[in-house]
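# Geometric and topological summary
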Amino acid sequence: MERIDPGKIPMYSLPDGEKIPMIGMGTFGNDRFTPEQVSSAVKGAALAGYRFFDCAAAYQNEAQIGEALKEAMEEGGIARKELFISSKVWNDMHGRGDVLIAAAKTLKDLQIDHLDGYMVHWPFPNYHPPGCARDYRNPASRPFIIEEFMETWEQMERLVDAGLVRYIGVSNMTLPKLKAILPLCRIRPVFNEVEMHPGFQQPELYEFCRENQILPIGFCPLGSPTRPDRDKLPDDVSVMDMPAVKRIAQAHGVHPALVCIKWAVQRGHMPIPFSVYEAEYTSNLRAVTEDPLTPQEMQELKDADTGRRIIKAQNFLWPGASGWEDLWDLDGTISKNGWNS
Ligand SMILES: NC(=O)c1ccc[n+]([C@@H]2O[C@H](COP(=O)([O-])OP(=O)(O)OC[C@H]3O[C@@H](n4cnc5c(N)ncnc54)[C@H](OP(=O)(O)O)[C@@H]3O)[C@@H](O)[C@H]2O)c1
């Protein structure tokens, strides 16, 4: 197996000076890969040189990943403190009490005594069962309610106070929601994990996060070709087929996936590509250590932004909402469209 020197991986400084790698390994099996396939890749990735792992209770594989990371630490002589293990509280565990229970289960499953990162997976408690169909709707779903979110966030802060979590973050936060919560946070989020790739660059959210010392973590960094069917629509952008991505890939003699990864790291957000294949996850990691994109190529990719989101997340819609756009505050205000109307 190829091993990449973690010392060659670009690093990001958290607000307190702690350094973390600018690339992580995704662990969502996309409803297609078994927990064993994903955890075997996680072990291989740790041995290959990955140090950041993006886990979540909702991915239903933390117990297998915990075992895989333990084996990788033993076999690879990797110290726990070299790893940055991050997870997320799922939507059915928001609120007082439940966040602490969710974190305890994740710690037990991952076989660790603290998490390096812990995020609120979605900003509302809207639950859908794993593997559900595209048209599944939960009648208990509701829009973002700031008081409710802050109750959950206070529990996240308590986890930091208790020494069970080192850094907390948010995920799927739009700009209006992020601006609304920040003044209310006793401990500010250091991450916002959102969809980001050359086809959906979210420039305003990106700039705001960086100005506020929040690292954007880009999920679906390759456009998630293996995403669940519920997240596929016929006119979705196919990121690795974008002409600019393909042209630059050809110029560098690499797969378009590697262009997406280099672009993210050079721009300044952390990609968390997923793959169960050793050749893919090692080449993804190696890509950030060699042969950078030129300023002209970075500009070409910036200009290629389609502004089109792949993960619409319509399963989280509440009764009366008009469409997936309501989840994403497209008019710049926090949408409550249809709720209680
Ligand atoms: N916070 C959230 O709400 C949220 C939402 C979605 C995802 N995430 C996180 O983000 C991670 C990444 O997103 P994702 O898994 O949906 O999508 P992704 O990383 O954009 O795409 C993954 C797919 O890309 C292909 N691939 C990977 N490396 C490649 C390479 N070097 N060459 C060619 N193809 C390559 C693989 O497909 P093949 O198997 O066909 O090769 C793989 O299944 C997830 O695993 C999860 O940790 C978070």
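Definitions and cut-offs
Residues numbered from 1 in each chain as written. Predicted model: local features only at pLDDT ≥ 70, side-chain atom pairs only at ≥ 80, totals over all residues. Helix = DSSP H or I, 4+ residues; strand = E, 2+ residues; numbered from the N terminus. Rg over C-alpha atoms; globule rule 2.2 N^0.38 Å. Buried ≥ 20, exposed ≤ 12 C-beta atoms within 10 Å, placed from the backbone. Contact = placed C-beta atoms within 7 Å. Arc of directions from axis to C-beta. Near = placed C-beta within 6 Å. Nonpolar A, V, L, I, M, F, W, Y, C, P; charged D, E, K, R; others polar. Pairing = 2+ DSSP bridges. Right-handed = clockwise from strand over helix to strand, strands pointing away. Core = buried A, V, L, I, M, F, W, Y, C linked by C-beta atoms within 7 Å. Axes fitted to C-alpha atoms, helices over the stretch in contact; angles between N-to-C directions. Left-handed = near helix turned anticlockwise from the far one by under 90°.

### A word on the overall build of the protein chain
Helix and strand counts for the protein chain stand at 10 helices and 10 strands. Over its C-alpha atoms the protein chain spans a radius of gyration of 19 Å, differing by no more than 12% from the 20 Å that the globule rule assigns to 341 residues. In terms of its C-alpha atoms, the protein chain occupies a principal-axis envelope of roughly 55 × 45 × 35 Å. In the protein chain, which comprises 341 residues, the share counted as buried stands at 45%. Sequence-distant contacts, at least 24 apart, represent 73% of the contacts inside the protein chain between residues at least 6 apart.

### Brief notes about helix H7 (residues 243-252)
Within H7 the residues assigned to the buried category are Ala244, Val245 and Ile248. For H7, the buried positions fall inside an angular range of 100 degrees around the axis, keeping them on one side. Turned more than 90 degrees off the buried face of H7, the exposed positions are Pro243 and Gln250. The inward-facing, buried residues of H7 abut helix H8 (256-267) and helix H10 (295-303). Where H7 ends, the next residue or the one after it, Gly253, has phi of about 65 degrees, a positive value.

### Description of the site of the ligand
Contacts to the ligand come from 28 residues, most closely from Gly26, Phe219, Leu222, Ser224 and Phe274. Top contributing element to the shell around the ligand by residue count: helix H9 (residues 278-287), with three residues. Across the shell around the ligand, the residue classes break down as 11 nonpolar, 13 polar and four charged.

### Some thoughts on the pairing of strand E5 (residues 84-89)
Burial runs high along E5: six of the six residues are buried. Both strand E4 (residues 52-54) and E5 contribute to a ladder of three bridges, which runs parallel. Across the sheet, the residue bridging to Phe53 is Ile85, located in E5. Inspection of the sheet shows E5 paired to strand E6 (residues 115-120) by four bridges, in the parallel sense. Paired with Ser87 across the bridge in E6 is Tyr118. Assessed by its sense of winding, the connection that carries the chain from E5 through helix H3 (residues 98-110) to E6 is right-handed.

### Some remarks on the nonpolar core
Core analysis: the biggest nonpolar cluster contains 91 residues, and Ile23, Val42, Val89, Tyr118, Cys260 and Ile261 have the highest contact counts within it. Considering every element that reaches this core, the biggest residue donor is H8, with eight residues. Beyond its immediate sequence surroundings of up to four residues, Ile23 is in contact with Ile9, Phe52, Ile261, Val265, Met270, Pro271, Leu285 and Val288.

### Some thoughts on the packing of helix H1 (residues 35-48) against H9
Direction vectors running N to C along H1 and H9 enclose 40 degrees, while the axes themselves pass 10 Å from each other. Handedness of the H1/H9 crossing: right-handed. Facing H1, whose interface residues are Ala41, Gly44, Ala45 and Ala48, H9 presents Glu278, Tyr281, Thr282 and Leu285. Class assignment of the residues belonging to the contact of H1 with H9 gives a composition of five nonpolar, two polar and one charged.

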